[in-house]
Amino acid sequence: MLYATGSWSVVFALDARTGRELWRFDPHVAGEVGARACCDVVNRGVALDRGRVFVGALDGRLIALDANTGAPLWSVQTTDPALPYTITGAPRVVKGKVVIGNGGADIGVRGYVSAYDAETGSLAWRCYTVPGDPAQPPESPALAAALPTWQDGEWWKVGGGGTVWDSLAWDPELDLLYVGTGNGGPWTPRLRSRGDNLYLSSILALRPDTGDLVWHYQTTPGDQWDYTATQHMILADLEIGGRARHVLMQAPKNGFFYVLDRATGELLSAAPYVPVTWAERVDLASGRPVETTAARYGSGEPSVLSPGPVGGHNWQPMSFHPGTGLVYIPALEMPFAFRDDPDFKLGPNVMNAGVDPAAGGKSMAQRAEGERSPSGGGRIGAALIAWDPVRQREAWRVEHPHVVNGGTLATAGNLVFQGTGRGTLAAYRASDGAKLFETRTGTGVVAAPITYRIDGEQYVAVLAGLGGGLALASADPPPDTIATGNAGHVLAWKLGGTAALPETPAWQPPQVAAIDAPADAARTARGERTFFRYCATCHGPGAIAGGTLPDLRRAAPQVYGDLESILLSGSRLARGMPSFTGTLTAGDVADLRAYLLSRRAELADQR
């Protein structure tokens, strides 16, 4: 049986030989919970243990299912439903405990990771990643040690961040659980706290029986760029300097590839795997980055830095091939214009990053439409990079035309598989990157492929379907994704397989006519700024959501007339569209309407 998850935390089981669906479980997450998700209503998978399937639901529940039937066995609420927590990551089962984190740092929560008894669902332990109210006793010695690194500010009132929204790994020999933590919330220390802010953007080694901290390594002290360390970690054995080392490898968002001794947390090496302009290097003696003068942005001119907040590498898993000694990274090059937002106001269920959306968001829209980033910020692109972790250098790369691509799978047959945002799956020779196989997938792929063997036959399978924060913000909808309606599906191949996918119909964008409306340049400019502050995260820079949500330039005419009902009355709350009552005014909605109609008119003029 093959288990997978889809949007809204739906779980389904398939016959791994035929793809026939055996059962499906829908946790019935309320639509309004989608408003809490910073980066789409995604789910990154399940955990399996002793006849049970474990899934984290978007609304914060951890649910155990019978692996044969999909019947629920127990369910526990792991978060406070009154706070904007979500779960999008996959749980892990470690020594009879189900470990799960959560997300929401950008919206305003305090990060933690929890472990629950796999049989009963009872809480075994909880480890907070950042200190709470300093007027209260710290929950652990580790948090007491972290408290001096939070200077000034009232971070406990705005959340603090440090959420464990994805990466977890376990070493059974060392009996250590490795946890990657996220960014600060808000991003800018002006609104959060000065100092290193432990344990933001860090790798934590915990005792899986108790959750006690054994060691930590902070990849980005005082993070103010959304440089999470929640990217997947690889545990491997490497020969470094003539000595066999048990290592942990990670390519977090900040652009440096780290190799740590996984027993002690000692930094063995770090080097940039993509262009990096926020730091010159990582000092091996102190383990700290040597920041450039432009790194600490403020309220003046924007600092165009690489990587941007989507990272040099995001959540898509990288893979390691023991035969070649290479790590295969789905890498990104996407600079971003950082500047403090002078008009920032903390709001419910909205991005509370504290950076100026008119600087960063607009620059992303310009680059998506073919312009270079401001201030010479460099190219926009993506690639599959084969990285040598011992020599800390690139071995080979394959360039991709779309920034949204899938995770990687390395196999013993000297192959690396990766899906792309352009709706393909390819196999490359792991040693030199030569393309050996490529096939269409019908829509974009962001997941990592897997491989399995039944009755002596080997299969490669992947979930196809475009989604996630970068897909929303890419503003470059792949034609196959639009032509197929981005219909998610599981695909599997084997040697000698004869099935064929139907041809994807050619997509022709429908004609769009401008809608007559009084021209008001000032109102349109205000609407553009409001759009980038509250709407661009989901609807994409320039109102183009990368093919995963409706293109607001092409909306039915009545949508523009209904904006006040949608935004202020919550008429589409059940569909995941949040209400902005108390945040936006009727005047703001009128400004947004003017901006969207201007974007529609620009599109109509291109015909």
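Above this text is the structure in question.
What you see is a predicted model, and the numbers here were worked out from it, not measured in a lab. (Residues numbered from 1 in each chain as written. Predicted model: local features only at pLDDT ≥ 70, side-chain atom pairs only at ≥ 80, totals over all residues. Heavy atoms only, no water.)

Thoughts on the sheet that holds strand β1 (residues 2-5)
Link 1 in the chain: Spatial ordering of the open sheet is given by β1-β2-β3, a layout of three strands whose pairing is antiparallel. Because the sheet does not close on itself, it has two edges, and the strands there are β1 and β3 (21-25). On average, each strand axis in the sheet is inclined to that of its neighbour by 20 degrees, with strand direction left out of account.
Link 2 in the chain: Pairing between β1 and strand β2 (residues 11-14): four bridges, direction antiparallel. In the sheet register, A4 faces β2, and the bridge partner there is F12. (Pairing = 2+ DSSP bridges. Helix = DSSP H or I, 4+ residues; strand = E, 2+ residues; numbered from the N terminus. Axes fitted to C-alpha atoms, helices over the stretch in contact; angles between N-to-C directions.)

Some details on helix α6 (residues 521-534)
Link 1 in the chain: In this model, α6 (14 residues) spans 20 Å end to end at C-alpha, consistent with the 20 Å of a helix rising 1.5 Å per residue.
Link 2 in the chain: Regarding α6, its N-cap is D520, as a side-chain oxygen of that residue lies 3.3 Å from the backbone nitrogen of A522 further along. (Expected span 1.5 Å × (residues − 1). Polar contact = N/O pair within 3.5 Å; in protein donor to acceptor, adjacent residues only side chain to side chain.)

As for empty space enclosed by the protein
Link 1 in the chain: Under the definition given, this model contains three cavities of 30 Å³ or more.
Link 2 in the chain: Considered as a void within the structure, the second largest cavity measures approximately 80 Å³ in volume.
Link 3 in the chain: Put simply, the parts of the chain that give the lining of the second largest cavity at least two residues each are β26 (326-333) and β28 (381-388).
Link 4 in the chain: Residue contributions to the lining of the second largest cavity peak at three residues, all from β26. (1 Å grid on protein atoms, 1.4 Å probe; cavity = no way out; pocket = protein on both sides within 12 Å on 5 of 7 lines; lining within 4 Å. Points joined across faces, edges and corners; volume = space filled by probe spheres on them.)

Some details on the state of the cysteines
Link 1 in the chain: Applying the stated rule across the entire model yields one disulfide.
Link 2 in the chain: C38 shares a disulfide with C39; S-S distance 2.1 Å. Disulfide C38-C39: torsion about the S-S bond near -90 degrees, hence left-handed.
Link 3 in the chain: Its relative accessible area of 30% is what places C39 among the partly exposed residues.
Link 4 in the chain: Of the cysteine sulfurs around C538, a residue in no disulfide, the closest is that of C39, at 8.3 Å.
Link 5 in the chain: Taking the relative accessible area as the measure of exposure, C538 reaches 29% and is therefore partly exposed. (Disulfide = S-S within 2.5 Å. Buried < 20%, exposed > 50% of the residue type's maximum accessible area, 1.4 Å probe, protein only.)

Considerations on the side chain of S193
Link 1 in the chain: Within the fold, S193 resides in the loop between β15 (184-185) and β16 (202-206).
Link 2 in the chain: Engagement of the side chain of S193 in a polar contact is seen with the backbone nitrogen of Q151, the distance being 2.8 Å.
Link 3 in the chain: Apart from residues no more than four positions distant in its own chain, S193 is found in contact with W150, Q151, D152 and W155. (Contact = heavy atoms within 4.5 Å.)

Thoughts on the pattern of salt bridges
Link 1 in the chain: Evaluation of the coordinates by the stated rule reveals 39 salt bridges.
Link 2 in the chain: In the salt-bridge network here, residues are joined through shared partners; they are R339, D341, D343, D356, R529 and R533. (Salt bridge = Lys/Arg side-chain N within 4 Å of Asp/Glu carboxyl O.)

Things to note about the packing of α6 against helix α10 (residues 586-605)
Link 1 in the chain: In the contact formed by α6 and α10, the axes pass within 7 Å of each other and the chain directions differ by 100 degrees. The orientation of α6 with respect to α10, classified from their angle, is roughly perpendicular. Counted together, R523, T524, R526, G527, E528, T530, F531 and F532 of α6 and G587, A590, D591, L592, A594, Y595, L596 and S598 of α10 form the full contact between these two elements. (Parallel < 35°, antiparallel > 145°, perpendicular 65-115°, else oblique.)

Considering the side chain of R245
Link 1 in the chain: By the secondary structure assignment, R245 is in strand β19 (residues 243-250).
Link 2 in the chain: Accessibility expressed as a relative area gives 8% for R245, which makes it buried.
Link 3 in the chain: Engagement of the side chain of R245 in a polar contact is seen with the side chain of D261, the distance being 3.0 Å.
Link 4 in the chain: Not counting chain neighbours up to four residues away, the residues in contact with R245 comprise A236, D237, L238, I240, D261, E266 and L268.

Details of unusual backbone geometry
Link 1 in the chain: Here G185 and P186 are connected by a cis peptide whose omega angle stands at -10 degrees.
Link 2 in the chain: Here P186 is to be found in the loop between β15 and β16.
Link 3 in the chain: Cis rather than trans, the peptide bond between S306 and P307 has omega equal to -10 degrees.
Link 4 in the chain: The topology assignment puts P307 in the loop between β24 (303-305) and β25 (319-321).
Link 5 in the chain: Despite not being glycine, H28 shows a phi value in the positive range, around 55 degrees.
Link 6 in the chain: Mapped onto the elements of the fold, H28 is located in the loop between β3 and β4 (47-49).
Link 7 in the chain: On the basis of relative accessibility, which here comes to 64%, the residue H28 falls in the exposed class.
Link 8 in the chain: Here R50, not a glycine, exhibits a phi torsion of approximately 45 degrees, which is positive.
Link 9 in the chain: Here R50 shows up in the loop between β4 and β5 (52-56).
Link 10 in the chain: By relative accessible area, which is 52% here, R50 ends up exposed.

Notes on the packing of aromatic side chains
Link 1 in the chain: Tallying each qualifying case throughout the model produces 21 aromatic pairs.
Link 2 in the chain: Three or more aromatic residues joined by ring pairs form one cluster here, namely Y217, W225, Y227, F256, Y258 and W278.
Link 3 in the chain: A cation sits over an aromatic face here: R44 above W315, 4.8 Å from the ring centre.
Link 4 in the chain: Taking NZ or CZ as reference, R110 lies 3.9 Å from the ring centre of Y128, over its face. (Phe/Tyr/Trp six-rings, centres within 6.5 Å; stacked < 30°, edge-to-face > 60°. Lys NZ or Arg CZ within 6 Å of the ring centre and 35° of its normal.)

So, the layout of surface pockets
Link 1 in the chain: In this structure, the second largest pocket encloses a volume near 580 Å³.
Link 2 in the chain: Together, 21 residues line the second largest pocket, and L491, A492, W493, K494 and A499 are the ones closest to its centre.
Link 3 in the chain: Elements that contribute at least two residues to the lining of the second largest pocket include exactly β33 (435-440) and β36 (489-494).
Link 4 in the chain: Looking at the lining of the second largest pocket, the element that brings in the most residues is β36, giving five residues.
Link 5 in the chain: Of the residues contributing to the lining of the second largest pocket, the split by class is 13 nonpolar, five polar and three charged. (Nonpolar A, V, L, I, M, F, W, Y, C, P; charged D, E, K, R; others polar.)

Quick word on the nonpolar core
Link 1 in the chain: Grouped together as the largest cluster of nonpolar side chains are 28 residues, with contacts concentrated most on Y178, W215, W225 and W278.
Link 2 in the chain: When residues of this core are traced back to their parent elements, those giving at least two are β14 (176-180), β16, β17 (213-218), β20 (256-261), β21 (267-272), β22 (279-282) and β27 (336-338).
Link 3 in the chain: The greatest single-element share of this core, amounting to three residues, is contributed by β20.
Link 4 in the chain: Residue contacts for W215: discarding those within four places in its chain leaves L176, Y178, I203, L204, A205, L260, D261, R262, A263, T264 and G265.
Link 5 in the chain: By size, the runner-up hydrophobic cluster in this structure holds 22 residues, among which are Y534, A536, A555 and L597. (Core = buried A, V, L, I, M, F, W, Y, C linked by side-chain atoms within 4.5 Å.)

Some thoughts on the sheet that holds β36
Link 1 in the chain: If you trace the three strands from one edge of the open sheet to the other, you get β34-β35-β36, paired in antiparallel fashion. Edge positions in the sheet fall to β34 (450-454) and β36, since each has one partner strand and no second. For this sheet, the mean angle separating the axes of adjacent strands, direction not counted, is 30 degrees.
Link 2 in the chain: Here strand β35 (residues 457-464) runs beside β36; their pairing, made up of six bridges, is antiparallel. Paired with L463 across the bridge in β36 is V490.

Brief notes about the pairing of β17
Link 1 in the chain: The pairing of β16 with β17 spans five bridges and is classified as antiparallel. Following the sheet pairing, S202 is matched in β17 by Q218.
Link 2 in the chain: Counting the residues that bridge the hairpin from β16 to β17 gives six residues, and of these G211 lies at a positive phi of roughly 80 degrees.

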